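Summary of the model geometry
Residue strings, one per chain:
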Protein chains: 2
Amino acid sequence: MALVTPRTLSGFKDRLPKEALAKAHLLNKVSNVFMNFGFVPIETPHLEYADVLIKQGSDEIQKELYRFKDHGGRDVALRFDLTVPLARFVSQYKNEVGLPFKRYAIGNVFRGERAQRGRYREFTQCDFDFIGSDSISCDAEILQVIYASLMKLGIEEFTIWLNHRSILNGICEYCGITQEKDINVALRIIDKLDKIGKERVSEELQKELGLNNNQVENLLEYTSIKQQGESESFFRQISFMEEWNDSIKKGIEDLKMLYEVLSSLQMDRDTYRVNFSIARGLGYYTGIVYETTLNALKSIGSVCSGGRYDNLTRTFSKEKMSGVGASIGIDRLLAALEELELLQKRATSARALIVCMDRLYFGYAHLLAESFRCSEIPIEVYPEASKLKKQFTYAHLKGYEFVVVIGENEFNTKTLTLKNMTSGVQIDSISFLKALALIQEE
Amino acid sequence: MALVTPRTLSGFKDRLPKEALAKAHLLNKVSNVFMNFGFVPIETPHLEYADVLIKQGSDEIQKELYRFKDHGGRDVALRFDLTVPLARFVSQYKNEVGLPFKRYAIGNVFRGERAQRGRYREFTQCDFDFIGSDSISCDAEILQVIYASLMKLGIEEFTIWLNHRSILNGICEYCGITQEKDINVALRIIDKLDKIGKERVSEELQKELGLNNNQVENLLEYTSIKQQGESESFFRQISFMEEWNDSIKKGIEDLKMLYEVLSSLQMDRDTYRVNFSIARGLGYYTGIVYETTLNALKSIGSVCSGGRYDNLTRTFSKEKMSGVGASIGIDRLLAALEELELLQKRATSARALIVCMDRLYFGYAHLLAESFRCSEIPIEVYPEASKLKKQFTYAHLKGYEFVVVIGENEFNTKTLTLKNMTSGVQIDSISFLKALALIQEE
């Protein structure tokens, strides 16, 4: 039989243990946070009827869709995000699950985009949404989840930037941009400020929307407003804008209500700030929107973004279904955690490896391993009684903290020899309890 | 815009919160067990080059493959199991990850089979494998993982049935079936014993392999041998078979070595027993094989099966790569846990719901929620200040253990009213600490 060359599909990615472990730990932590707030998991298939997906996707996304005919000739496609399946799910099961409904979903999505560095055609999304209520209480909770998630991951220096679509709409209106289509174009251009700079943004605004210098200047000035100090003084400073139009007024009122709830909490007030430049690319946000940057790593961009939308299920139902949700950028966050040295990157989930100098000692080795595991020490037994050199090379490659050696003396005296792989210190023929204490100390 | 009917793709399944939560808890528990034993997660894409998948799949599986052309015209397919991707992965990265290599993988696989009750075209597999060593130490560890996983799930009454392909081969040989092809046919037929009964198995053996009555009788007699009591006396009882041929001898020796390791452990010896009828359908097992049945629910079949194979990477490399692995039947196990009433089926991950009689109290409600969460009580705030009746209906639907009510009095006195939803007992205007104690008591 001719051999097949083992290779990963072009544009796709395998995750080796170090990375997969780090990701599993991260997802485990944020899932626990979601559940603490009463967000529950749901599962929808990776494959959907194509028409379920395409109505809600942009032109670009439609081009990138993995779409084909299944065995029954059905027109099917791999999901490109978790939001459209959520919209379908809520439309189908809203009575069974009951509204308001809080769900989280962690799953892979597929986009056949042109391959580029660091972008893959399959990637993991991690979304949480609070659906079926307009209450500011939901927005407050989503922000608390972002806060709790980052804290849980050991990140303490971050900023959740808040804005409101009505404020952006209102500023545009004040600057003479009144058509929704034009507003969307303006916001899309302003969103590129960090990437392409003020000058090119000005040029594009003039070119694409025919704005004059004065309009552009106003637009850039007002959308560059950021809360610096306490919220009370900030809201006083911008109170003059409330007079401009109802849209801005509504936006500022919502933000004030949000702050009222948030300020009751023990949550650090320095971690959330209003920033009128946050535009969020997606057109479907209609209320408060947010992005989250890490203070020490602003350059990597937002690690958690989201906002309020007023019509999640628009392609499935005439009934409006509002909600608020956010998405954690798993890959970006993993990169950030590594950069901040908050990620333990080891190739093993076990803290220690037991090595035997003879296969006769396997029974004893497994008994020791069983005892360590009972005391919450993840541990494994090297399955061959080969030369110690080989076993220690293996231990270094995988990154165990400790190696336990069982030789003739240890076996006969029912002891073990413990080597600390970091310090290099080895203690011969000690009891299980002594070894346990030493490992637990670390 | 015309509306799309929201519907799940035919043959696929959505999982609502109750089920998805139960599954998430189960997978979380078994993942922790895997990691305690040093099994690490890896990730491979859901999509692979079709030729990577098809060489190792049976004819039936090839027919069921979701196969199509991607945007670059590549011949691609959705994975139908996690074993072939593992074989590819190990072939590609064996030097990076180092051998022996222990991985677990939990992921969805796709088979476009004819739809039938309880079978879906996308389902979750949960595999763990110990690759790159022939040592019996690996087999012993896989069995310990099965044991620890079931114990962790609260199942204490189960049996891991052990057999060895060499014993089955040796029995066949003794009965005059010597060709590998014929042996595989015989084992496939014997494997159906529970399903179709002894008579029809006898018929099929005679018809398909031309065996005479005597051969069939011997075959059925020897493959029906089961360990009843202690292993020592069992191995003495079957010692006469060791003389028949080298194949049986080798199989029994391996089982004895396995028992030697296992008997050193604290693991309950009644949970594993030799059973010569275990054949395992898959042709690629070459050593010890096992199935696991729940004593109280034998009828649902094996919840965890596996075995040793000597050539995982046969389609990718001439180098032999042996290993031993098992697969937990997630859906079957979930059904069993429900049947055994070991599954908490609630639609919420939160233990309590806070309801406010006025939106003015949201800040206080969120502060209380924050405090409960700090004390490890998952809790959520109902986002609307609607009538209490509506909120309690919601609480019943979701299945909270407690409802916390914040009215004017509670808000003014910084207390709360706690209702136990199981007992119906309500205690008015108590302090946070008192409420916390009551919830923690349950």
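Attention in this report is confined to the structure presented alongside it. It should be emphasised that the depicted structure is a prediction, and the values quoted were computed from it without experimental measurement.

Take the sheet that holds strand β1 (residues 40-41) of chain A next. Residues and elements named next belong to chain A. The eight strands are arranged β1-β5-β6-β11-β10-β9-β7-β8 in an open sheet whose pairing can be described as mixed. Only two strands of the sheet have a single partner each, and these edge strands are β1 and β8 (272-274). The sheet contacts of helix α1 (residues 17-36) involve β5 (101-110), β6 (122-131) and β11 (323-328), and relative to β5 the element is tilted by about 160°.

This paragraph deals with the side chain of Glu 242 of chain A. With respect to the helices, strands and loops of the structure, Glu 242 of chain A is situated in the loop between α10 (231-237) and α11 (246-262). Discounting chain neighbours no more than four positions away, the residues touching Glu 242 of chain A are Ile 248, Lys 249, Ile 252 and Lys 256 of chain A.

When chain B is fitted onto chain A, the two copies agree to an RMSD of 0.0 Å after a turn of 180° and an axial shift of 0.0 Å. Put plainly, the chains are arranged around a two-fold axis. Residue Phe 68 of chain B of chain B places its C-alpha closer to the rotation axis than any other residue of that unit, at 3.2 Å. Comparing interface residues between copies, 100% of those in chain B also lie at the interface in chain A; the contact surface is shared.

Attention shifts here to the packing of helix α1 (residues 17-36) of chain B against helix α12 (residues 330-339) of chain B. Residue and element names in this part refer to chain B. The N-to-C vectors of α1 and α12 enclose an angle of 110°; their axes lie 11 Å apart at closest approach. For the element pair α1 / α12, the angle class is roughly perpendicular. Across from Ala 22, Lys 23, Leu 26 and Leu 27 in α1, the residues of α12 making contact are Ile 330, Leu 333, Leu 334 and Leu 337. By residue class, the composition of the contact of α1 with α12 is seven nonpolar, no polar and one charged.

The next point concerns the pattern of salt bridges. The final tally for this structure, using the stated rule, is 50 salt bridges over all chains. With a shortest N-O distance of 2.9 Å, Arg 15 of chain A and Asp 331 of chain A are connected by a salt bridge. Here Asp 331 of chain A lies in helix α12 (residues 330-339) and Arg 15 of chain A lies in the segment before α1, a separation of 316 residues in the sequence. Accessibility expressed as a relative area gives 37% for Asp 331 of chain A, which makes it partly exposed. Close ionic contact of Glu 380 of chain A with Lys 102 of chain B constitutes a salt bridge, the shortest N to O distance being 2.6 Å. Of the two residues, Glu 380 of chain A is situated in strand β13 (residues 379-381) and Lys 102 of chain B in strand β5 (residues 101-110); the pairing between them involves two chains. Glu 380 of chain A sits in the buried class, given a relative accessible area of 3%. For Lys 102 of chain B, a relative accessible area of 3% corresponds to the buried category. Each of Lys 13, Arg 15, Glu 19, Lys 23 and Asp 331 of chain A together with Glu 43 of chain B takes part in one network of salt bridges that share partners.

Calculation rules
- Residues numbered from 1 in each chain as written.
- Chains lettered and ligands numbered in written order.
- Predicted model: local features only at pLDDT ≥ 70, side-chain atom pairs only at ≥ 80, totals over all residues.
- Heavy atoms only, no water.
- Pairing = 2+ DSSP bridges.
- Helix = DSSP H or I, 4+ residues; strand = E, 2+ residues; numbered from the N terminus.
- Contact = heavy atoms within 4.5 Å.
- Axes fitted to C-alpha atoms, helices over the stretch in contact; angles between N-to-C directions.
- Least-squares fit on C-alpha atoms with pLDDT ≥ 70 in both.
- Parallel < 35°, antiparallel > 145°, perpendicular 65-115°, else oblique.
- Nonpolar A, V, L, I, M, F, W, Y, C, P; charged D, E, K, R; others polar.
- Salt bridge = Lys/Arg side-chain N within 4 Å of Asp/Glu carboxyl O.
- Buried < 20%, exposed > 50% of the residue type's maximum accessible area, 1.4 Å probe, protein only.

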